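Listed below are the residues making up each chain.
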Amino acid sequence: MLLIRCPYCEEDRPELEFRNAGEAHIARSANIAGESDEAFETFFFIRSNPKGLHYERWRHVHGCARFFNAVRDTVSDKFLMTYKAGEAKPDAETLKTLGASAAWTNLSTEHLGGRRPARGKGDTE
Amino acid sequence: MASTAQAERRPKLAGRETRHGALRVAMLPPAERMSLRAPAASVAALASALKIRLPNAPRQSAKSGQRTSLWLGPDEWLILDEGGGDPLADCRSVTAVHSAAGISHRNVAIEVSGPGAAACLNSGCPRDLSLAAFPVGACSRTLLGKVEIIIYRTAEDNFRVECWRSFSDYVFEFLSVAAKDVAG
Ligand SMILES: [Zn+2]
């Protein structure tokens, strides 16, 4: 399962807790009624749909419930980084400096497994 | 003339319990619950009215007598009162902006206790429940199988699982079967 780092929960969490919420950094016009049909169409329907780096919104719906932003590679499905809503969009130079995401590091068995439960005999209900 | 309607509390699955060896899944008694949303500026006033700390870091909880506060999000807490106190009433005098919603009857709580309690939850919850990642006192909203739950670790081998009342049959059954598997 993919692990996604929530910037509010400050840890990697299972993807099942999240929902994708489309492309990020699409600003709504302050004067939406004054927009031309073409400009409104662009704002409302047209998305970049890149092959490669994609800035997108995610919601930690089954966790802290917050929306946040992420940079994901649509080819490898790798999350390069996540950041809080309202924070500046990281530029390509910043993204280049990022190493492997912690979410992709395998954790040790001891860390993941805790301790094994004792095996009991009597089952009662 | 119609008589006055009276709301009667009918606890869900009251008293239900499953044991497999020392591993136990049991319904907890009814409790008062409040969903609290508030910006940082209101937290001090609310904490003082509720007489409990409202943690400001992920997965943290605070306990004061029979009352517990669980951090769910950056501006959201679940307040539990197991001693008959009324957190909604305590908030009434607070003028600082906040939202307090009574959800006592929306949720039920199930206790998973005994050796292997974490493994039991992990049968349907994809979270890292090692003590390093989820120590005693940690709490979180997450998933069990198909439904949303809130988990709160009260001891190394003890979890309080909160779920919506209408999902409780599913959650209780899920955990009971998981307990059987874990106990072996
Ligand atoms: Zn989160």
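Nothing here was measured: the structure is a model prediction, and the numbers come from that model.

Draft legend 1. Seen up close, the interface of chain A and chain B. Listed per partner, the contact involves 25 residues of chain A and 33 residues of chain B. Note on chain A versus chain B: buried area summed over both sides is about 2,300 Å², and carbon and sulfur give 46% of it. One salt bridge in this structure joins Glu17 of chain A and Arg127 of chain B, with 3.2 Å as the shortest N-O distance. Of all elements in the fold, only strand 2 (11–14) and strand 7 (123–124) of chain A reach the threshold of two or more residues within the side of chain A that touches chain B. Ranked by the residues each element gives to the side of chain A that touches chain B, the list is headed by strand 2 of chain A, at three residues. The residue inventory of the side of chain A that touches chain B, partitioned by class, reads ten nonpolar, six polar and nine charged.

Draft legend 2. Focus on the coordination of the zinc ion. Residues and elements named next belong to chain A. Taken together, the protein ligands of the zinc ion are Cys6 (SG), Cys9 (SG), His60 (ND1) and Cys64 (SG), with distances of 2.0 to 2.4 Å. Taken together, the four donor atoms surrounding the zinc ion define angles of 105 to 115 degrees at the centre, an arrangement classified as tetrahedral. Every donor residue of the zinc ion comes from the same chain, spaced as C-x2-C-x50-H-x3-C. For the pair formed by His60 and Cys64, the shared burial category is buried.

Draft legend 3. Focus on the state of the cysteines. One pass over the full model with this rule turns up zero disulfides over all chains. Of all cysteine sulfurs, the one in Cys125 of chain B lies closest to Cys120 of chain B, which takes part in no disulfide; the gap is 11 Å.

Draft legend 4. Looking closely at the packing of aromatic side chains. Evaluation of the coordinates by the stated rule reveals eight aromatic pairs over all chains. Taking the centre distance of 5.1 Å and the plane angle of 15 degrees together, the rings of Phe40 of chain A and Phe44 of chain A count as stacked. Linking Phe40 of chain A with Phe44 of chain A, this pair stays in helix 1 (residues 37–44), spanning four residues, or about one helical turn. A residue is classified by how much of its surface remains accessible, and Phe44 of chain A, at 45% relative accessible area, is partly exposed. The interplanar angle of 10 degrees and the centroid separation of 6.1 Å between the aromatic rings of Trp164 of chain B and Phe167 of chain B together place this pair among those described as stacked. On the basis of relative accessibility, which here comes to 40%, the residue Trp164 of chain B falls in the partly exposed class. Following the ring pairs from residue to residue traces out a cluster consisting of Phe40, Phe43, Phe44 and Phe45 of chain A. Above the face of the Tyr8 of chain A ring, Arg66 of chain A is positioned so that its terminal group lies 5.3 Å from the ring centre.

Draft legend 5. Looking closely at the pattern of salt bridges. Applying the stated criterion to the full structure yields 21 salt bridges over all chains. With its nearest N and O atoms 2.9 Å apart, the salt bridge here joins Asp75 of chain B to Arg37 of chain B. One end of the pair, Asp75 of chain B, is in the loop between strand 5 (67–73) and strand 6 (76–81); the other, Arg37 of chain B, is in strand 3 (residues 32–37), and 38 residues separate them in sequence. On the basis of relative accessibility, which here comes to 35%, the residue Arg37 of chain B falls in the partly exposed class. Across the salt bridge formed by Asp81 of chain B and Arg67 of chain B, the nearest N and O atoms sit 2.8 Å from each other. Taken together, the residues Asp81 of chain B in strand 6 and Arg67 of chain B in strand 5 connect sequence positions 14 residues apart. There is no split in this pair, since Asp81 of chain B and Arg67 of chain B are both buried. Through salt bridges with shared partners, one network takes in Glu11, Arg13 and Glu17 of chain A together with Arg59 and Arg127 of chain B.

Rules behind the numbers
- Residues numbered from 1 in each chain as written.
- Chains lettered and ligands numbered in written order.
- Predicted model: local features only at pLDDT ≥ 70, side-chain atom pairs only at ≥ 80, totals over all residues.
- Heavy atoms only, no water.
- Contact = heavy atoms within 4.5 Å.
- Buried area = accessible area lost by both parts, 1.4 Å probe.
- Salt bridge = Lys/Arg side-chain N within 4 Å of Asp/Glu carboxyl O.
- Helix = DSSP H or I, 4+ residues; strand = E, 2+ residues; numbered from the N terminus.
- Nonpolar A, V, L, I, M, F, W, Y, C, P; charged D, E, K, R; others polar.
- Donors = N, O, S within 2.8 Å, 3.2 Å for Na, K, Ca; no water.
- Tetrahedral: all angles 85-135°; square planar, octahedral: opposite > 155°, others 65-115°.
- Buried < 20%, exposed > 50% of the residue type's maximum accessible area, 1.4 Å probe, protein only.
- Disulfide = S-S within 2.5 Å.
- Phe/Tyr/Trp six-rings, centres within 6.5 Å; stacked < 30°, edge-to-face > 60°.
- Lys NZ or Arg CZ within 6 Å of the ring centre and 35° of its normal.

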